[in-house]
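Fold and geometry: a report
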Amino acid sequence: MRRSYNVHSIDLWHSIKNLALGHELLLEHRELGRLGCLDSKQLSELAIENRAHGGRNVLVWDILASDAQIQRADTLLHELDLSIIDAIRVQDPGVAMYVSQSWPLPLQLVLETGNHNIGAILSWIDVLGDAVERIILSNELPISWTLQYRDQIAVEVELAVLSPILIFYSPRPLIGTRVPEPDQPLFWGEPGQRRLPVKQNQHGTFLFYEKALFLLPHWQDIRAARVDVNRYDLRLWHSDALVDTLIAWHQEKDTESSRRVRDQLTKRTTQGFFKSNRTDKQFAKLKRHDSVPEGLRPAGLVVDTRKKSYTLINLQEAIRVGQTLVFVNSIGETTHHQIRWIEDLDRQRHSVLGSGLAIIDHVSRAPTGTNVYMPVDDETFE
Amino acid sequence: MASSTLIPEILAPVGNMLKLKVAVMYGADAVYLAGPRFGLRYAADNFSEEQLREACVFAHQHGVKVFVTLNAFLFDEDMHDLPAFVAFLQEIDVDAVIVSDAGVARVVREHSSLNIHVSTQSSTLNTWSARFWAQLGAKRVVLGRETSLAAAKAVREGSGLEVEMFVHGSMCMAFSGNCTISNYTAGRDSNRGGCSHSCRYEYGLFDQSGHNYGEGHFMSSKDLNALRLIPQFVQAGIDSFKIEGRMKSALYVATTVQAYRHARDAACGRLSPVTHNNLDDLPNRGYTEASLIQAAGTESIALQKKDQAVFDMAGYVLDTNDQSQMAVFLNHPVEKGQRLELLSPAGENVPVQTGKIIDVRGRLVDRGNPNSVVLLPRPEGASAFMVLRLQHAS
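Anyway, here's the lowdown on the structure attached to this text. (Residues numbered from 1 in each chain as written. Chains lettered and ligands numbered in written order. Predicted model: local features only at pLDDT ≥ 70, side-chain atom pairs only at ≥ 80, totals over all residues. Heavy atoms only, no water.)

1. Digging into the pairing of strand β2 (residues 24-28) of chain A
Residues and elements named next belong to chain A.
- A large share of β2 lies buried, amounting to five of its five residues.
- A two-sided burial pattern is seen for β2, the buried positions comprising Glu24, Leu26 and Glu28 on one face and Leu25 and Leu27 on the other.
- Across four bridges, the pairing between strand β1 (residues 2-7) and β2 is parallel. In the sheet register, Asn6 faces β2, and the bridge partner there is Leu26.
- Note on the crossover from β1 through helix α1 (residues 10-20) to β2: the handedness is right-handed.
- Bridge count for β2 against strand β3 (residues 56-61) is five bridges, and the pairing is parallel. (Buried < 20%, exposed > 50% of the residue type's maximum accessible area, 1.4 Å probe, protein only. Helix = DSSP H or I, 4+ residues; strand = E, 2+ residues; numbered from the N terminus. Pairing = 2+ DSSP bridges. Right-handed = clockwise from strand over helix to strand, strands pointing away.)

Rendered as structure tokens:
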């Protein structure tokens, strides 16, 4: 499997050069990359150096963009020497469309936000056509799904294997000016509780999960899923020791070398949703099931009741004295009740009432909000 | 060019059948709602299939369109039942579905001829992006709330699609669809209906040494209020004015639809300019015009919690009788003599006398309880599904 490395600053480059030189670099210009700090000159020099060592250079344009920003980027791209760039990496579908129709460079599509079904993934590739050389899959997809999809995806597939997890991206400057040195590592959280790394720059505010995505121990599963490229993103933390352990890991790829890499990370790690994703399990309990019981049709809703006195129904269907209605309350209790009398709001008695509010004799276990049904084959008017 | 809509549409959020009827009563041209699955508000009441059918019949009888949200980012396992549901929506004559997932758009296209609207969840911010969705069969895009009015006009002109924009309500601070805080911190997928609203919590801002630079609701956006800009929306040719809030009250639906309907009509020369609205009386986090004119900055953050309503929903009119009374379903306790107001669709707040509160069996009572029905004197023009409000005692 090939490797790619995010490079958003010269500082990071100096730190990871021994590890990354000659591989694929994801170069982040300050105008185009979410965390980009490189100016055009730095980016060009770095790309030339990497190319000289047999590496590939990918220009990262992952900010979500307005028309005005696309226009500004167009000017910038005309100024850059794109002969040293091998591909452009984008997330915004509009940016992808613009690049595919304006520049003869392969596209790498970041499909990390949503796109959790094969239909979505293939739709992107269909629209953008031959320009697409690679897709970057979401780390919310379990690897078993990637394996399932792989045969249907005709382009390269990339996964982040060591990376911060971006959980929030806003264009607004949310830290503002309340910190004198805004470039230092900052965190949002409650005292004594989780601390989420946060960064603010010219493109907005970015919040990361407290733990690092760490999939090195799963490299064989990733290879079995025929992932072509593994991404290493050390933008939030990097050190000489971490680079050394990573170099060793690439040679040994065993449990011990993987543990040594993890020990060098300053934060806890997670495998995220690599094994499974059951994020619907928790909230399925919130769901209110309001479907009509079999064999019944809606007749109305209880809107008032007084014990041993009356039940008031807002009618959807006509009802009649002697008819049996079915009352299903919010916790699912069912009461069958034969109507003894019906009154309207003017307290006139009726044997049949067709619409509006109907007062009937009291129904037990049928508080306000109870659904009222009648049998599907019940004919109030014969 | 996009199809020309002379009078832009007022599009209201409806979380249940009552809110649908209230929205229609107060002048919505279209409503959006969710079925039992595939939407982004799992905790909302939402509509069963039978209710969806009933909603379409009711709305269409009143000349109102129905859009159904299918705007979750779905997993393959969620997609199995989607073709049948899409076919059902077509059968009951839904006017459009709102999607954010390209895979869902594909299923809709393959299994129906339903109109496809692209949800704000897909963060469509530019003309090229609208063209991308056009290739996937979209008829309309709901632009990201980061888009300015001027940019929206350009998207409409450059893409050939209809453009819908939010005019009122709560806002994600993140680019919509680009927030997974809930997924990682609460185990609930924010983009499949489980958002736990972590952005509304209070946080401290710390450096590595633990120094606290202050606490606040850093990620909580003030609420959008674009009422002042409605003439500019009309001028920009925006096709649909969308109000956020399927989980909000019927009072919210009535108040917002009433305000934006009047502002739209005034901007289109159908009414004289309206000077009064009740939007400030609704619970809100402070209002902002977000990025409609210029990019939203720190002033758009609801740093301190402020969500207090001036008025509560007292109830709504269920029916009227022959004795100049109206039957009111109460959501809130009402004491004898307490001042109530009936919101009229025409824009007035009509006082309602509560000197005599009568229960449905004709007995005088001193107090009406929540979840019960009382009879009150009927002001002129009162009819079913009009909403009553009452001011906080404080």
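2. Things to note about the pairing of strand β23 (residues 356-360) of chain A
Residue and element names in this part refer to chain A.
- Of all five residues in β23, five are buried; the element is thus mostly enclosed.
- Here strand β16 (residues 310-315) pairs with β23 via five bridges, running antiparallel. Bridge assignment links Leu315 to a residue of β23, and that residue is Gly356.
- Here strand β20 (residues 342-343) runs beside β23; their pairing, made up of two bridges, is antiparallel. Residue pairing across strands places Ile342 opposite Ile360, the latter belonging to β23.

3. Description of the environment of A:Gly55
Residues and elements named next belong to chain A.
- With respect to the element layout, Gly55 can be found in the loop between α2 (40-52) and β3.
- A sequence separation of 33 residues divides Gly55 from Gly22, and the C-alpha atoms of the two residues are 3.8 Å apart.
- Filtering out sequence-adjacent residues up to four positions away, Gly55 remains in contact with Gly22, His23, Asn50 and Asp86. (Contact = heavy atoms within 4.5 Å.)

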